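# Overview (structure and organization)
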Amino acid sequence: FFFFFKQKTAYEMQRGLVGSEMCIRDRYQRRVHGIQNFPRMVKHNHAIPNVHLKKHWGPLVKTFFNQPAKKKQRQVAREEKAARIFPRPINYLRPIIRCPTQRYNMKTRYGRGFTLDEIKNAGLNPQYARSIGIAVDHRRQDMCLETRELNVKRLKAYLAKLILFPGKTTRKLALKQGKAEPMTDAKKEDKKPRKMIVPEAPKEKLDLPAAKEQSDEKKVLPMLDQKLREKPQTITPEMKNTFSFKKLRIERVKQRYAGVRKKRAEIAQKEAEEKATKETSQSVSYT
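Residues numbered from 1 in each chain as written. Predicted model: local features only at pLDDT ≥ 70, side-chain atom pairs only at ≥ 80, totals over all residues. Heavy atoms only, no water.

## Examining the overall build of the chain
Heads up, the rule is: Elements are defined by DSSP. Helices are runs of H or I of four residues or more, strands are runs of E of two residues or more, and each kind is numbered from the N terminus. Think of it in three bands: residues with accessible area under 20% of the maximum for their type are buried, residues over 50% are exposed, and the middle band is partly exposed, with areas taken using a 1.4 Å probe on protein chains only. Note on contacts: a residue pair qualifies if any of its non-hydrogen atoms lie within 4.5 Å across the two residues. All accessibility values rest on the Shrake-Rupley procedure with a 1.4 Å probe; residue burial counts only the protein chains present in the view.
Along the chain, the regular secondary structure elements total twelve helices and two strands. Reading the chain from its N terminus to its C terminus gives the helix and strand order α-α-α-β-α-β-α-α-α-α-α-α-α-α. Among the 287 residues that make up the chain, the fraction classed as buried is 16%. For the chain, the share of sequence-separated contacts (at least 6 apart) that also reach a separation of at least 24 residues comes to 63%. Summing over all exposed atoms, the chain offers an accessible surface of approximately 26800 Å²; the carbon and sulfur share of this is 56%.

The structure is reproduced here in structure tokens:
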């Protein structure tokens, strides 16, 4: 069974206030000249307001007064990491991609990693790319040709600025092949710093900033601000007479019914050929 209790209205509560409801009556003062009046509850026969304000909101409040300290902490962590991995950059090279969905695809942002096709078009392989500070994402698929070409150009610009040092494995391999001599005490004293291996400059000209000893930027090769505004120009009669929406609708219809129209054209051509062969056969028989 279900029991429903009706909330009392002002007329029902006016003469029967008991218990905690006495506070409602005691709020109202007496009339002038000491004449006591019945408490004026609310206008008309409305329900008595019963607002619950005992909400335990204190533990749910979160403050971020340590934001400046956290900012300093992140800065110190980046400096320590830069000193620890010197002269490598502190971050990986990330691709530039478009945001998903039609609503945000005009905006660009940094992606997780380069696709395998982009790495291949730049003349690298995934394992070697990861070893020289390039992020690789084997799951991402780039369906846009412009984005793919942009990221390939980005990889080539990174390789043009890259300076490689010979590692320990390279020296061990050279010792095995007999291309390098083992280190002696005299050679250890006259040991010079490792020589930089500078890659060959690309044939195409790339707009690159000045080189640094170590890249301390948050993003390697940061994006340039895109200027989406166009210069003002006069409206020509040709622009006035072009209807972009109508043109797009026509192109969509053509693309939608391309297969059906092609099939109809083939059937019509086949029927025309059969009709022509039939007429030629009849003309031969009459002669």
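Back to the write-up after that little detour.
## Remarks on helix α11 (residues 244-256)
Operational definition: Multiplying 1.5 Å by the helix residue count minus one yields the expected span of that helix.
Between the first and last C-alpha of α11 there are 18 Å, a value that for 13 residues agrees with the 18 Å anticipated at 1.5 Å per step. In terms of burial, α11 is largely open, as just zero of its 13 residues are buried.

## Things to note about the confidence of the model for the chain
Low-confidence regions, as indicated by low pLDDT, have predicted coordinates that should not be scrutinised in detail. Applicable threshold: Confidence of the prediction at every residue is given by pLDDT, a number between 0 and 100.
Of all residues in the chain, 66% have pLDDT values of 70 or greater, and the mean over the chain is 77. When mean pLDDT is taken per element in the chain, helix α5 (residues 116-121) scores highest with 95 and helix α2 (residues 22-26) scores lowest with 47. Confidence over residues 19-35 falls short of pLDDT 50; this stretch has 13 contacts with residues more than four positions distant or in other chains. pLDDT under 50 marks residues 193-199. Its contacts with residues more than four places away, or in other chains, come to 13 contacts.

## Some thoughts on unusual backbone geometry
That bond from Phe-86 to Pro-87 is cis: its omega, 5 degrees, falls within 30 degrees of zero. In this model, Thr-101 sits at a positive phi of 70 degrees, which is unusual for a non-glycine residue. Summarising the element assignment, Thr-101 is placed in helix α4 (residues 101-104). Residues other than glycine seldom take positive phi values, yet Leu-221 does so here, at roughly 50 degrees.

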